[in-house]
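Geometric and topological summary
Chain by chain, the residues run as shown.
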Amino acid sequence: MKQPIEPEKLRALTLEREGTMVNFFLEQQARVQLDMPDSHAVGIDEVGLGSWAGPMVVAGVSLSEREPWPDWYDDIDDSKKCSPQKRNRLRRLICDNAKFTWLELRWPAEIDRLGLGACHRDAIYTVYREACLEGYTLAIVDGRTLSNKPLGLTFTSKADRASLNVAAASIVAKVARDIFMVQIDALYPGYKFCDNKGYGTVKHQAALAKLGIIPFHRRSFKPIRDIIMAGALHES
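Read on for a plain summary of the structure. (Residues numbered from 1 in each chain as written. Predicted model: local features only at pLDDT ≥ 70, side-chain atom pairs only at ≥ 80, totals over all residues. Heavy atoms only, no water.)

Okay, the overall build of the protein next. For the protein, the count of helices and strands is nine helices and five strands. Taking the contacts inside the protein whose residues are at least 6 apart along the sequence as the reference set, 67% of them involve residues at least 24 apart. Carbon and sulfur atoms make up 54% of the accessible area of the protein, which totals about 12200 Å². (Helix = DSSP H or I, 4+ residues; strand = E, 2+ residues; numbered from the N terminus. Contact = heavy atoms within 4.5 Å. Areas by Shrake-Rupley, 256 points an atom, 1.4 Å probe, with all protein chains shown as cover.)

Set out below in structure tokens:
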């Protein structure tokens, strides 16, 4: 059986790629900590958790860790650090070359019915179950630990700035969600979803005050709920 990588070797892995700390160190570390030396890893990240409108998107990605790594790995980073053009280019490369990709969406109606936390947890666990069915039993997830997590899940804050798999997942999720928000913007142009992507910006708040809510708003979120309550009081 393949032997676990020694901690000294793990620390050295952070220096293997010049100019970046985004690599496979978290995956290697988790294999040692969980005693899963031969496991294949997937990175999981979400986009749109705190948005007032539109879906929450959770993506899972597994890139090949076999060296030599392709040059475009050097461009992968947290999606928030990448320009839209760079994200779109990397998303195509990731989806064309990744060993595993998966997307889970949770729309406002489901978020309002089940709660944001429950939808977030279910989406992550669904991605992990699908990954396990393909043989990827180890997952690095960006964020805080969730309840009742399976053994193979490892949660790490800011993992999208450290793990190539998680950073790739953040890019795939971000591009997918942006596409949906552009489509929603075409249906409801007054809200400028192309720009704010459903988050509570000043212009979004102004549009809500002028136009009211639409079916893509999350009615369980306090700012939206307050608008609904204010309207109900005005009508009474």
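Resuming the write-up.
Glancing now at the environment of serine 62. Within the secondary structure, serine 62 sits in strand β2 (residues 56-62). Overall, the relative accessible area of 1% leaves serine 62 in the buried class. For the pair serine 62 and alanine 41, spaced 21 residues apart in sequence, the C-alpha to C-alpha distance is 6.3 Å. If sequence neighbours within four positions are ignored, serine 62 has contacts with Ala41, Val42, Ala98, Lys99, Phe100, Tyr136 and Asn165. (Buried < 20%, exposed > 50% of the residue type's maximum accessible area, 1.4 Å probe, protein only.)

This paragraph deals with the pairing of strand β4 (residues 138-142). Taken across its five residues, β4 has five buried, putting it largely inside the fold. Burial along β4 is two-sided: Leu138, Ile140 and Asp142 facing one way and Ala139 and Val141 facing the other are all buried. In the sheet, strand β1 (residues 41-47) pairs with β4 via four bridges, with the strands oriented parallel. Paired with glycine 43 across the bridge in β4 is isoleucine 140. Of the strand pairs in this sheet, β4 and strand β5 (residues 153-156) are connected by four bridges, and their pairing is parallel. If you follow alanine 139 over to β5, its bridge partner there is leucine 153. (Pairing = 2+ DSSP bridges.)

Within the secondary structure layout, aspartate 185 lies in helix α6 (residues 164-187). No salt bridge is formed by the buried aspartate 185; its nearest oppositely charged neighbour, lysine 192, is found at 6.7 Å. Separated by 3.0 Å, the side chain of aspartate 185 and the backbone nitrogen of phenylalanine 193 make a polar contact. Not counting the four nearest positions on each side in its chain, aspartate 185 is found in contact with Lys192, Phe193 and Cys194. (Lys, Arg positive; Asp, Glu negative; His and termini not counted. Salt bridge = Lys/Arg side-chain N within 4 Å of Asp/Glu carboxyl O. Polar contact = N/O pair within 3.5 Å; in protein donor to acceptor, adjacent residues only side chain to side chain.)

Throughout the structure, instances matching the rule amount to nine aromatic pairs. Relative to tyrosine 73, the ring of tryptophan 69 lies with its centre 6.4 Å away and its plane at 35°, an arrangement referred to as tilted. Exposure remark for tryptophan 69: the relative accessible area of 18% places this residue in the buried category. Owing to a relative accessible area of 3%, tyrosine 73 belongs among the buried residues under this scheme. A ring pair is formed by tryptophan 72 and tyrosine 73, whose centres lie 4.9 Å apart and whose planes are at 85°; its orientation type is edge-to-face. The same class applies to tryptophan 72 and to tyrosine 73, which are both buried. Following the ring pairs from residue to residue traces out a cluster consisting of Phe24, Trp69, Trp72 and Tyr73. (Phe/Tyr/Trp six-rings, centres within 6.5 Å; stacked < 30°, edge-to-face > 60°.)

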